[in-house]
Amino acid sequence: HDYDWAVSGGHPKGRLEDKHLYRYGFNANVFARRTRVEEPSAAISVLVDQSGSMSGEKIEAARKAAYTLCEAMTDVERLNFELLGFTGDVPGRRGNIVYVFKGFGEPWSAGRARIGSMHAIRQNYDAAAVRIASKRLMAQPQKRRALIVLSDGYPAPENPERLLQVVPTVERQHVVIGIGIMSEAVSKFYRRYVVLQSEDQLLGTLVKAVRFAVEAR
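Thresholds, definitions, all that
Residues numbered from 1 in each chain as written. Predicted model: local features only at pLDDT ≥ 70, side-chain atom pairs only at ≥ 80, totals over all residues. Heavy atoms only, no water. Core = buried A, V, L, I, M, F, W, Y, C linked by side-chain atoms within 4.5 Å. Buried < 20%, exposed > 50% of the residue type's maximum accessible area, 1.4 Å probe, protein only. Helix = DSSP H or I, 4+ residues; strand = E, 2+ residues; numbered from the N terminus. Contact = heavy atoms within 4.5 Å. Salt bridge = Lys/Arg side-chain N within 4 Å of Asp/Glu carboxyl O. Phe/Tyr/Trp six-rings, centres within 6.5 Å; stacked < 30°, edge-to-face > 60°. Lys NZ or Arg CZ within 6 Å of the ring centre and 35° of its normal. Expected span 1.5 Å × (residues − 1).

Bringing the nonpolar core into the picture now. In terms of nonpolar packing, the biggest core is built from 38 residues, with Val 46, Val 48, Leu 83, Leu 150 and Ile 181 touching the most fellow members. Of all the secondary structure elements, the ones that give two or more residues to this core are β2 (42–49), α3 (57–74), β3 (79–90), β4 (93–102), β5 (144–151), β6 (175–181), β7 (192–196) and α7 (202–215). Among the elements that line this core, the one with the most residues is α3, at nine residues. Not counting the four nearest positions on each side in its chain, Leu 150 is found in contact with Val 46, Leu 47, Val 48, Asp 49, Ala 62, Ala 65, Ala 66, Ile 179 and Ile 181. Of all hydrophobic cores here, the second largest spans 24 residues; its members include Leu 84, Val 98, Ile 132 and Val 186.

For side chains bearing opposite charge, pairing can occur when the charged atoms are close. Applying the stated rule across the entire model yields seven salt bridges. Residues Glu 158 and Arg 162 are paired through a salt bridge, measuring 3.9 Å at the closest nitrogen-oxygen approach. Given a relative accessible area of 4%, Glu 158 falls into the buried group. The partner of Glu 171 in a salt bridge is Arg 191, and the shortest N-O contact between them spans 3.9 Å. Taken together, the residues span a long stretch of sequence, with Glu 171 in helix α6 (residues 160–171) and Arg 191 in the loop between β6 and β7 at a distance of 20 residues.

Throughout the structure, instances matching the rule amount to four aromatic pairs. Relative to Trp 108, the ring of Phe 81 lies with its centre 6.3 Å away and its plane at 55 degrees, an arrangement referred to as tilted. Placement of Phe 81 in strand β3 and of Trp 108 in helix α4 (residues 108–114) is noted, with a sequence separation of 27 residues between them. The same class applies to Phe 81 and to Trp 108, which are both buried. Counting every residue linked through ring pairs, the aromatic cluster contains Tyr 67, Phe 81 and Trp 108. If you follow Lys 102 out to its NZ or CZ, it ends over the ring of Phe 81, 4.1 Å from the centre.

Cis geometry is adopted by the peptide bond preceding Pro 157, which originates at Ala 156 and carries an omega value of 5 degrees. Residue placement: Pro 157 occurs in the loop between β5 and α6. One non-glycine residue, Asp 89, lies in the positive phi region at around 55 degrees. On the basis of relative accessible area, Asp 89 is assigned to the buried category, the value being 15%. The backbone of Met 182 shows a phi angle near 55 degrees, a positive value even though the residue is not glycine. For Met 182, the position within the fold is in the loop between β6 and β7.

Here the focus is helix α5 (residues 126–138). Since one α-helical turn is 3.6 residues long, residues separated by three or four positions face the same way. With 13 residues, α5 should cover 18 Å at 1.5 Å per step; its first-to-last C-alpha distance of 18 Å lies within 8% of that length. Those residues of α5 that fall on the buried side of the exposure criterion are Asp 126, Ala 127, Ala 128, Ala 129, Val 130, Ile 132, Ala 133, Ser 134 and Leu 137.

Below is the structure:
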């Protein structure tokens, strides 16, 4: 039996400074201008895979992508968003664990102070995490909603069939976009997806993902 945990905070602060992003050529203000569209109010959830296979350059790319997305969304009026991470089977806690780095309605300054502590940890129960993120998203008052999942591969030890069953269900409720972190595995699970193969593709990949989120019907 899998147990679901949602943890708000409880992790060390670790701010990811703008200067580190600029060193890699990331500019959140440029990204915000590239993706700005006139849309009604919306709610967006960003869900990041923190499994062990994401260690090294993958989790760095995912963390920078999440940071850039959140910085850009902060500048968009009437946009409600949150940032989550997920892993599983850590000492003392069995099953899926979802970390809330920045909750809906919470200022991004809080998430900015926590995102540096987003690390690769252990297992990944993708279906359970997507279900939790979707439930939190559906509780928001905005009618336009989207879930953006950043992941590098297949659920483990969770049966991949569970994710194949969950994604179509949540797609009937709101938009779901998979961003593959140096992996095309997202193509097996998400109808709308883009793949980030290297850090120099970050801006273009995120622009495409956000346009999926705000323009999809």
